[in-house]
Amino acid sequence: MYTFLVAGTDQISNNTDTIMIGSFDTVNHKLNIVSIPRDTLINIQHEVKKANAAYHYAAYYKNVEGSSYYNCDPVESMRKELVKSMLGFDVDKYVLVNIDAAAEVVDAIGGVEFDLPVDMNYDSKRQDLHIHLNKGLQTLSGDDFVKVMRFRSSYAGGDLQRIEMQQKLLKMQQEMNKAQEEVENSSFTASVGGGAVT
């Protein structure tokens, strides 16, 4: 059994608005993931005591002499202040994902087919973020995938509903990854088999 942290940073503030804790059972091949809402109250060393600020402040102040975060590893600080303090255990591994990396992964598998439950319209000049997607079944590009992951403005449930959407998206991405691997393995087997025929 392995445990891991997945944190997604935004482009402007380095806040981790996406925080997931997972476990992978290597024997039974089962994956379980829970999300920590970005506004969860935690006892970090800075005045903004929210879950999504744990990495941001450590990364910002690590080079400031006299700061309690001086010369720290921002991820290790996040693991201590967020994961250990909340859950009572540390994770075995972590992945820190930026927006560009997430988009590249989705584009690499040819997009993700997903049924958007609502029209999504949101503009932020500050973040250079412009979301305009229509509801319904469609294949999301990497860029659109990230936009859906970030969107929350018209959800009645706010961030909690966005978390639900993120988990559905990641589940669909995992299924498409698995399907692609099966196709590639079938092609490899057919190629090897064909080469062996005499």
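Residues numbered from 1 in each chain as written. Predicted model: local features only at pLDDT ≥ 70, side-chain atom pairs only at ≥ 80, totals over all residues. Heavy atoms only, no water.

**Things to note about the overall build of the protein chain**
Here's step 1: Helix and strand content of the protein chain: 5 helices and 8 strands.
Here's step 2: Ordered by position from N to C terminus, the α and β elements of the protein chain give β-β-β-α-α-β-α-β-β-β-β-α-α.
Here's step 3: For the protein chain, the share of sequence-separated contacts (at least 6 apart) that also reach a separation of at least 24 residues comes to 49%.
Here's step 4: If you sum the accessible surface of the protein chain, you get close to 11,700 Å²; carbon and sulfur atoms cover 51% of it. (Helix = DSSP H or I, 4+ residues; strand = E, 2+ residues; numbered from the N terminus. Contact = heavy atoms within 4.5 Å. Areas by Shrake-Rupley, 256 points an atom, 1.4 Å probe, with all protein chains shown as cover.)

**A closer look at the sheet that holds strand 2 (residues 16-25)**
Here's step 1: Across the sheet, which stays open at both edges, the 4 strands sit in the order 3-2-1-4 with mixed pairing between neighbours. Either end of the sheet is taken by a strand with one partner, and the two such strands are strand 3 (30-35) and strand 4 (93-97). Sheet twist, expressed as the mean angle between neighbouring strand axes with direction ignored, is 20°.
Here's step 2: Bridge count for strand 2 against strand 3 is 6 bridges, and the pairing is antiparallel. Bridging from a neighbouring strand, Ile-21 pairs with Val-34 of strand 3.
Here's step 3: Taken strand by strand, helix 2 (residues 74-87) contacts strand 1 (2-9), strand 2 and strand 4, and its axis lies near 70° from that of strand 2. (Pairing = 2+ DSSP bridges. Axes fitted to C-alpha atoms, helices over the stretch in contact; angles between N-to-C directions.)

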